[in-house]
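Reading the structure
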Protein chains: 2
Amino acid sequence: MFTLAEENYLKTIYHLQQNVGVEVSTNAIAEKLETKASSVTDMVQKLADKQVLSYVKYKGTTLTEKGNEIAVNIIRKHRLWEVFLVEKLHYSWDEVHEIAEQLEHIKSESLIDRLEEFLGFPKVDPHGDPIPDQNGQFKKVEKQLLSQLAKGQKGICVGMKESERNFLRYLDKRSIAIEAEITVISKEDFDDSMQIEVNGNRFFISKKIAENLYVKIF
Amino acid sequence: MFTLAEENYLKTIYHLQQNVGVEVSTNAIAEKLETKASSVTDMVQKLADKQVLSYVKYKGTTLTEKGNEIAVNIIRKHRLWEVFLVEKLHYSWDEVHEIAEQLEHIKSESLIDRLEEFLGFPKVDPHGDPIPDQNGQFKKVEKQLLSQLAKGQKGICVGMKESERNFLRYLDKRSIAIEAEITVISKEDFDDSMQIEVNGNRFFISKKIAENLYVKIF
DNA sequence: AAATATATTTAGACCAGACTAAAAAAATGA
DNA sequence: TCATTTTTTTAGTCTGGTCTAAATATATTT
Ligand SMILES: [Mn+2]
Ligand SMILES: [Mn+2]
Ligand SMILES: [Mn+2]
Ligand SMILES: [Mn+2]
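A short tour of the structure in this document, coming up.

What counts as what
Residues numbered from 1 in each chain as written. Chains lettered and ligands numbered in written order. Predicted model: local features only at pLDDT ≥ 70, side-chain atom pairs only at ≥ 80, totals over all residues. Heavy atoms only, no water. Salt bridge = Lys/Arg side-chain N within 4 Å of Asp/Glu carboxyl O. Helix = DSSP H or I, 4+ residues; strand = E, 2+ residues; numbered from the N terminus. Buried < 20%, exposed > 50% of the residue type's maximum accessible area, 1.4 Å probe, protein only. Near = heavy atom within 4 Å. Polar contact = N/O pair within 3.5 Å; in protein donor to acceptor, adjacent residues only side chain to side chain. Nonpolar A, V, L, I, M, F, W, Y, C, P; charged D, E, K, R; others polar. Pairing = 2+ DSSP bridges. Axes fitted to C-alpha atoms, helices over the stretch in contact; angles between N-to-C directions. Contact = heavy atoms within 4.5 Å. Donors = N, O, S within 2.8 Å, 3.2 Å for Na, K, Ca; no water.

All names here are of chain A. In total, this model carries 24 salt bridges over all chains according to the counting rule given. Of the charged contacts in the structure, one is a salt bridge between Lys11 and Glu101, with a shortest N-O distance of 3.0 Å. With Lys11 in helix H1 (residues 4-19) and Glu101 in helix H5 (residues 97-103), this residue pair connects regions lying 90 residues apart in the sequence. In this structure, Lys143 engages Asp129 in a salt bridge whose closest nitrogen and oxygen atoms are separated by 2.7 Å. Placement of Lys143 in strand E3 (residues 143-145) and of Asp129 in the loop between helix H6 (111-118) and E3 is noted, with a sequence separation of 14 residues between them. A relative accessible area of 17% places Asp129 in the buried class. Beyond isolated ion pairs, a larger network of salt bridges with shared partners links Glu6, Lys46 and Lys50.

Around DNA strand C, a shell composed of 20 residues is seen, among which Tyr55 and Lys57 of chain A together with Thr3, Thr35 and Lys46 of chain B lie nearest. Here, DNA strand C places atoms within 4 Å of the protein, and 81% of those atoms are sugar or phosphate. Between a phosphate oxygen of DNA strand C and a main-chain N or O atom of Asn27 of chain A, the distance comes to 3.1 Å. With respect to DNA strand C, the backbone of Lys36 of chain B contributes an N or O atom lying 3.0 Å from a phosphate oxygen. The set of elements that each furnish at least two residues to the surface near DNA strand C consists of helix H2 (26-32) and helix H3 (37-49) of chain A together with helix H1 (4-19) and helix H3 (37-49) of chain B.

As a further point, take the protein's contact with DNA strand D. Around DNA strand D lies a shell of 21 residues, among which Thr3, Thr35 and Lys46 of chain A together with Tyr55 and Lys57 of chain B are the nearest. Close to the protein, within 4 Å, the atoms of DNA strand D belong to sugar or phosphate groups at a rate of 76%. Within the side chain of Ser38 of chain A, an N or O atom sits 3.0 Å from a base oxygen of DNA strand D. Interatomic distance of 3.5 Å between a side-chain N/O atom of Tyr58 of chain A and a sugar or linking oxygen of DNA strand D. Per-element accounting of the surface near DNA strand D gives the leading share, five residues, to H3 of chain A. Each residue belonging to the surface near DNA strand D can be placed in one class, and the counts come to seven nonpolar, ten polar and four charged.

Backbone-to-backbone hydrogen bonds pair the strands of a sheet. The strands run either parallel or antiparallel. All names here are of chain B. The strand order across the open sheet formed by six strands is E3-E8-E4-E5-E6-E7, and the pairing between neighbours is antiparallel. For this open sheet the edge positions go to strand E3 (143-145) and strand E7 (201-205), each flanked by a neighbour on one side alone. When the angles between neighbouring strand axes are averaged without regard to direction, this sheet yields 45°. In terms of strand pairing, strand E6 (residues 194-198) meets E7 through five bridges, oriented antiparallel. Bridge pairing in E7 places Gln195 opposite Phe204.

With that settled, the discussion passes to the sheet that holds strand E6 (residues 194-198) of chain A. All names here are of chain A. Spatially, six strands are ordered E3-E8-E4-E5-E6-E7 in an open sheet, and the strand pairing comes out antiparallel. Where the open sheet ends on each side, the last strands, each with one partner, are E3 and strand E7 (201-205). Going from strand to strand, the sheet's axes swing by 45° on average, the running direction of each strand aside. Pairing of strand E4 (residues 154-160) with strand E5 (residues 181-187) involves three bridges; the strand directions are antiparallel. Directly across from Lys154, in E5, lies its bridge partner Thr183. In this fold helix H7 (residues 165-173) packs onto E4, E7 and strand E8 (213-216), with an angle of close to 145° to the strand it touches most, E4.

This next bit is on the coordination of the manganese ion (ligand 1). Residues and elements named next belong to chain A. Protein coordination at the manganese ion (ligand 1) comes from His78 (NE2), Glu82 (OE) and His97 (ND1), with a distance range of 2.0 to 2.1 Å. Written as a sequence motif, the donor arrangement for the manganese ion (ligand 1) is H-x3-E-x14-H. The two metals, the manganese ion (ligand 1) and the manganese ion (ligand 2), are separated by 3.4 Å and share Glu82 as a common coordinating residue. Placement of the pair is His78 in helix H4 (residues 65-87) and His97 in helix H5, with a sequence separation of 19 residues.

Quick look at the structure:
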């Protein structure tokens, strides 16, 4: 039905649509896919013919309902495979994305549903991102950056913005992981550093760290 | 390193090399891959440049040591994924090949080794074919066709030649499966049909059935 | 409102991997 | 052996997906 390249375009456009506003620009797509704007124009015209996005010259693109469904399904596959790699094959957070990028394109009517069942219908992937169900439904996780919390607020760690290895190792050392409860003990105005408590341990973290951790308030 | 198309050529040439003699003909490859001879010539020349096979015009090709290794590794991946699909996701024999054809091309240094461990280092795939280890080593299963057994001989079912759905369903109904012990009770000369016993049950099978079941004598 | 800068599209090319049609080599057999 | 058939290769074309360079549209300054 759709080629690997086409699927990657749809997924990328979907993600850009969430972050920014409505219309997704040619250059934005090119940057994300590490390709050239001219290549994007070509592909976007082809995908418009296939009715999965609407495209207005010089203006940008938006996914159609159909395009959205396809994109969400790829994301569903990506995230379920990530869960498999971490839960069953014991990979760590930062190692799974690249492999999932390949696995998400495996074509089969039933495979992903069976995988989902095998995994016990997980609701989030190893990075705290929600996993769409068979119908593409999922609750947007209300995550915000830890840096946005005020003194005294609590949050549950649901993900990381970056997943650079050094950063993940830093977190591991302090037992900060998905599901960990984090309390802001104090916050410095001049450098935005904060003292937090995790699992009974208190320590200081810099602004940079706090801006890379997503938490869910409850 | 190698594209999906290249990997499929290597795998196919490997299989043809086992069945027939030494040199693999252009037409044989074309037939297996359901492509045209001219396409094969092109690809085979490219693969010769890449040192994975040797090619003599009008004569045929043979895999080099390197080509052999690559082919065996793809087969290793294919068969391990087949085990995963059957054992963990509860697919039946005849449903897994197509999906494994895709999964065998996933690229990762560690993935297949972790999968192998997760599966408990299986030695054979769901069709009774041996699974090469990390070094490409495997024992050739000494299988022969059930039709070649004489009256009174016993064998253990290790695989099927064809895996057409109807055939597999026929087998299921008679509880003939991998590992089942089959005894030849009698054999008719005029039509090569035979009476066999499986799990205490006796019944007649035609020549066609007997020629599609592989057994191992012990 | 021009002039300039930036974003986007078009035109033309390339590569991988396939195809058809024609040419050439090898095998077959009268 | 020489004519015919079969196999294989070559030549030329196509499609998907990419690229560079040039053209054109939009945005930003002056
Ligand atoms: Mn990912
Ligand atoms: Mn993820
Ligand atoms: Mn198979
Ligand atoms: Mn198999």
